[in-house]
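# Coordinate inspection notes
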Amino acid sequence: VNCIVDTKQWYQRRVRGLKNGTEQQTSALQKGFYEVVPRHLLSAFDEKELELIVCGLGHVDVEDWRANTRLKGCNSDSNIVKWFWQVVEEMDNEKRARLLQFVTGSSRVPISGFSGLRGSSTVNSGPRPFTIHLVNSMSSGSLPKAMTCFNRLDLPEYESFTVMRNKIITAIEETMGFNVE
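What this report covers is the structure whose coordinates are included nearby. Please read all numbers here as calculations on a predicted model, not as lab measurements. (Residues numbered from 1 in each chain as written. Predicted model: local features only at pLDDT ≥ 70, side-chain atom pairs only at ≥ 80, totals over all residues. Heavy atoms only, no water.)

### A word on the pattern of salt bridges
Overall, the coordinates contain 7 salt bridges when judged by the stated rule. Ionic pairing is found between Glu 90 and Arg 165, a salt bridge with its closest N-O pair at 3.4 Å. Placement of the pair is Glu 90 in helix α5 (residues 79-90) and Arg 165 in helix α7 (residues 161-174), with a sequence separation of 75 residues. Its salt-bridge partner being Arg 152, residue Asp 154 comes within 2.7 Å of it at the nearest N-O pair. A single salt-bridge network, built from bridges that share partners, covers Glu 63, Arg 66 and Glu 89. (Salt bridge = Lys/Arg side-chain N within 4 Å of Asp/Glu carboxyl O. Helix = DSSP H or I, 4+ residues; strand = E, 2+ residues; numbered from the N terminus.)

In structure tokens form, the structure reads like this:
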């Protein structure tokens, strides 16, 4: 019994120490947040609604994605486009989110869906649809390239669905963004 009381007291001291140790940082974060978003505007939302507004949707709706995708250098009948959607449909939601992160810089869909994708360029941060761009000058052995400021995925003309799937999976699983050597 004495061991349980000692453990409980030790735990309570630790929790108090954690609270006291982060209070200043939490207060500063909260103050800065309220400078950007006034407190009275937040009172209309519960925590789930606020998360949705700030972070966007967690589920990737493939039909919405397809309906709001622009094609450049190819058309909907191109093998590259057909194969791309086949790859996306085979993926689970976590892999789709990683592909989305690779191309757009965010793993979440805007609350308004794919029609709400915006560019991250300081020159034009307005609407920027997800774009599949067939680049004939790229080697067919190249990995896909992403232009996150423009929500654009550059793809070479891959020789088969399997090659394309493997290249996309490698790109989203093995690459690290903004790596400068």
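Let us keep going from here.
### Things to note about the sheet that holds strand β4 (residues 152-155)
A sheet is described by the order of its strands in space; here 4 strands give the open sequence β1-β2-β4-β3, paired in mixed fashion. Only two strands of the sheet have a single partner each, and these edge strands are β1 (69-72) and β3 (145-147). Averaged over neighbouring strand pairs, the angle between their axes works out to 20° when direction is ignored. As paired elements, β1 and strand β2 (residues 130-134) share 4 bridges and run parallel to each other. (Pairing = 2+ DSSP bridges. Axes fitted to C-alpha atoms, helices over the stretch in contact; angles between N-to-C directions.)

### Points about unusual backbone geometry
With the exception of glycine, most residues fall at negative phi, and the peptide bonds are largely trans. Here Asn 151, not a glycine, exhibits a phi torsion of approximately 55°, which is positive. Within the element layout of this structure, Asn 151 appears in the loop between β3 and β4. Classification of Asn 151 by relative accessible area gives buried; the value is 1%. (Buried < 20%, exposed > 50% of the residue type's maximum accessible area, 1.4 Å probe, protein only.)

### Looking at the pairing of β2
Buried residues dominate β2, accounting for 5 of its 5 residues. In β2, alternate side chains face the same way, and those of Phe 130, Ile 132 and Leu 134 on one face and Thr 131 and His 133 on the other are all buried.

### Considerations on the nonpolar core
Most often, soluble globular proteins have nonpolar side chains that are buried together. Counting 30 residues, the largest nonpolar core has Trp 65, Phe 84, Trp 85, Leu 99, Phe 130 and Met 164 as the members making the most contacts within it. Those elements giving two or more residues to this core turn out to be α4 (62-67), α5, α6 (93-104), β2, β4 and α7. When sequence neighbours within four positions are dropped, the list of residues in contact with Leu 99 reads Trp 65, Phe 84, Val 88, Met 91, Ile 168 and Ile 172. (Core = buried A, V, L, I, M, F, W, Y, C linked by side-chain atoms within 4.5 Å. Contact = heavy atoms within 4.5 Å.)

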